[in-house]
Amino acid sequence: MNNKKLIFKTIDFIRELHKKPSGSIPLHAPVFIGKEREYLNECIDSTFVSSVGKYVDKFEDMICEFTGAKRAIATVNGTSALHIALKISGIKANDEVLTQPLTFIATANAISYTGAHPIFIDVDCDTLGLSPKSLEHWLNENSVYKDGKSFNLKTGNHISTCVPMHTFGFPCRIEEIVSVCSERGINVIEDAAESLGSFVGRKHTGLFGKLGILSFNGNKIVTTGGGGMIITDDNELADLAKHITTTAKVPHLWEYRHDMIGYNYRMPNINAALGCAQMESMCEFLKAKRLIAERYFEYFKHINEIRFIKEPSGTRANYWLNTIILEDKNERDVFLKMTNENKVNTRPIWTLMNQLEMYKNNQCGELTNSNWLEKRILNLPSGVNL
Ligand SMILES: *Cc1c(COP(=O)(O)O)cnc(C)c1O
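All figures in this text were calculated on a predicted structure; none of them were measured in a lab.

## Description of helix α1 (residues 3-17)
- Between its terminal C-alpha atoms α1 stretches 21 Å, which fits the 21 Å expected from 15 residues at 1.5 Å a residue.
- What α1 keeps buried is the set Leu 6, Ile 7, Thr 10, Ile 11, Phe 13, Ile 14, Arg 15 and Leu 17.
- One or two positions beyond α1, positive phi appears at Lys 19, with a value near 50 degrees.

See below:
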């Protein structure tokens, strides 16, 4: 099919799918159909709008119940959640951390906040997440295992941690990644910022490693305005996470005493109130997103030039952002230009971390898949219409 004709046909399809014959269609807008206003008003009436209040605990309980995590600690955003998860996992300055180059900047930045250095390892083309094969291959070639720890042959530094990310809500091969890492004494901290509602088997993403994190930024599947969450089954780490994100204040009715350098990272009550109302709609959101993904899949099934990404087998994805792969960069860029000029907001994937100024000298594995995908990926409008 002629390229331009195909893109116009796709724009028509997207407008029909999102029931928007004209005007702009955002990539992903938040939806408030529940008790958001009621809970927010309650916060204001009670004056508990800040770091103390019933909604923070309630929101944490709702996330535990939904994900099956034993513990959840709410933070101001996903980046701070990842920063603290890494910090309390035992990471030290100058450690090295294995992660994917195909991720949002927060992953690499949170690693850097701890004084550690990211090393970029390739992703799989079907999951868009860290590839256990590439990881194992890189470790075999570049590390040595000694006294229960892995060390970088080139720098001599401790490779303490691995941070896989579930891209756009598609679960990566997390069980294999955990197995490769546990054989080498490497902690896994999961960046599940995009995958609330995504499961591998019956287990929620973010619960396979030592700790996991979620994000509730405005464009995520559920929003608190800004917000994040650390999830874990480890009670001791959960207690430490709570302590360190609340300025490490020793509990007392009136005294101000702090027993370590803590952070003011606690999620405010007013944000948690929004989160509680949003979580009450979560199952509806997931159902609606699955329907949209099915419609996209049916549409693209008949178009040879475009591949629609489906949830990897054995997993259940939240279909946060629907994703297609075009034939080459040129095709992708024409698609981007024409859709956006017609007010249908599509987006390319992030520039690879190893191509950014701050990370361009970091060590990398072979990045064949990441380089290939970065030129071809396009995200389609994925918001739900309820
Ligand atoms: C959204 C996101 C985060 C956290 O972002 P915040 O905006 O700080 O909540 C972290 N990692 C990834 C991959 C993300 O998409």
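Back to the text.
## Section: empty space enclosed by the protein
- Scanning all chains against the criterion turns up two cavities of 30 Å³ or more.
- Computed from the structure, the largest cavity encloses a volume of approximately 70 Å³.
- Lining the largest cavity are His 28, Ala 29, Pro 30, Val 31, Lys 220, Ile 221, Gln 278, Phe 285, Lys 289, Ser 382, Gly 383 and Val 384.
- Counted by class, the lining of the largest cavity contains six nonpolar, four polar and two charged residues.
- Each of two domains, domain 1 (3-31 + 282-353 + 363-379) and domain 2 (36-280), supplies a minimum of three residues to the lining of the largest cavity.
- By volume, the second largest cavity amounts to about 30 Å³.
- Ala 193, Glu 194, Ser 195, Leu 196, Ser 215, Lys 220, Ile 221, Val 222 and Trp 320 are the residues that line the second largest cavity.
- Across the lining of the second largest cavity, the residue classes break down as five nonpolar, two polar and two charged.

## Quick word on the domain arrangement of the chain
- Here the domain parsing of the chain yields domain 1 (3-31 + 282-353 + 363-379) and domain 2 (36-280).
- Inter-centroid distance (C-alpha atoms) of domain 1 to domain 2 is 26 Å.
- Facing 38 residues of domain 1, the contacting portion of domain 2 comprises 48 residues.
- Of the roughly 3600 Å² buried between domain 1 and domain 2, counting both surfaces, carbon and sulfur atoms make up 65%.
- Of all residues in domain 1, Met 282, Met 353 and Gln 363 bury the most surface against domain 2, accounting for 24% of the area lost on that side.
- At the junction of domain 1 and domain 2, the tally comes to zero salt bridges.
- Summed over the shared surface of domain 1 and domain 2, the result is 18 residue pairs in polar contact (both at pLDDT 80 or more).
- Among the secondary structure elements, those contributing two or more residues to the side of domain 1 that touches domain 2 are α10 (282-300), β13 (315-316), α12 (368-376) and β16 (377-380).
- With six residues, the single largest contributor to the side of domain 1 that touches domain 2 is α12.
- Of the residues assigned to the side of domain 1 that touches domain 2, the class counts are 20 nonpolar, 11 polar and seven charged.

## Remarks on the environment of Ile 349
- Locating Ile 349 in the fold gives a position in the loop between β15 (347-348) and α12.
- Taking the C-alpha atoms as reference points, Ile 349 and Thr 323, separated by 26 residues in sequence, lie 9.5 Å from one another.
- Among residues more than four places away in sequence, those in contact with Ile 349 are Leu 102, Thr 167, Phe 168, Arg 332, Glu 374 and Ile 377.

Cut-off values and rules
- Residues numbered from 1 in each chain as written.
- Predicted model: local features only at pLDDT ≥ 70, side-chain atom pairs only at ≥ 80, totals over all residues.
- Heavy atoms only, no water.
- Helix = DSSP H or I, 4+ residues; strand = E, 2+ residues; numbered from the N terminus.
- Expected span 1.5 Å × (residues − 1).
- Buried < 20%, exposed > 50% of the residue type's maximum accessible area, 1.4 Å probe, protein only.
- 1 Å grid on protein atoms, 1.4 Å probe; cavity = no way out; pocket = protein on both sides within 12 Å on 5 of 7 lines; lining within 4 Å.
- Points joined across faces, edges and corners; volume = space filled by probe spheres on them.
- Nonpolar A, V, L, I, M, F, W, Y, C, P; charged D, E, K, R; others polar.
- Domains from an automatic or database assignment.
- Contact = heavy atoms within 4.5 Å.
- Buried area = accessible area lost by both parts, 1.4 Å probe.
- Salt bridge = Lys/Arg side-chain N within 4 Å of Asp/Glu carboxyl O.
- Polar contact = N/O pair within 3.5 Å; in protein donor to acceptor, adjacent residues only side chain to side chain.

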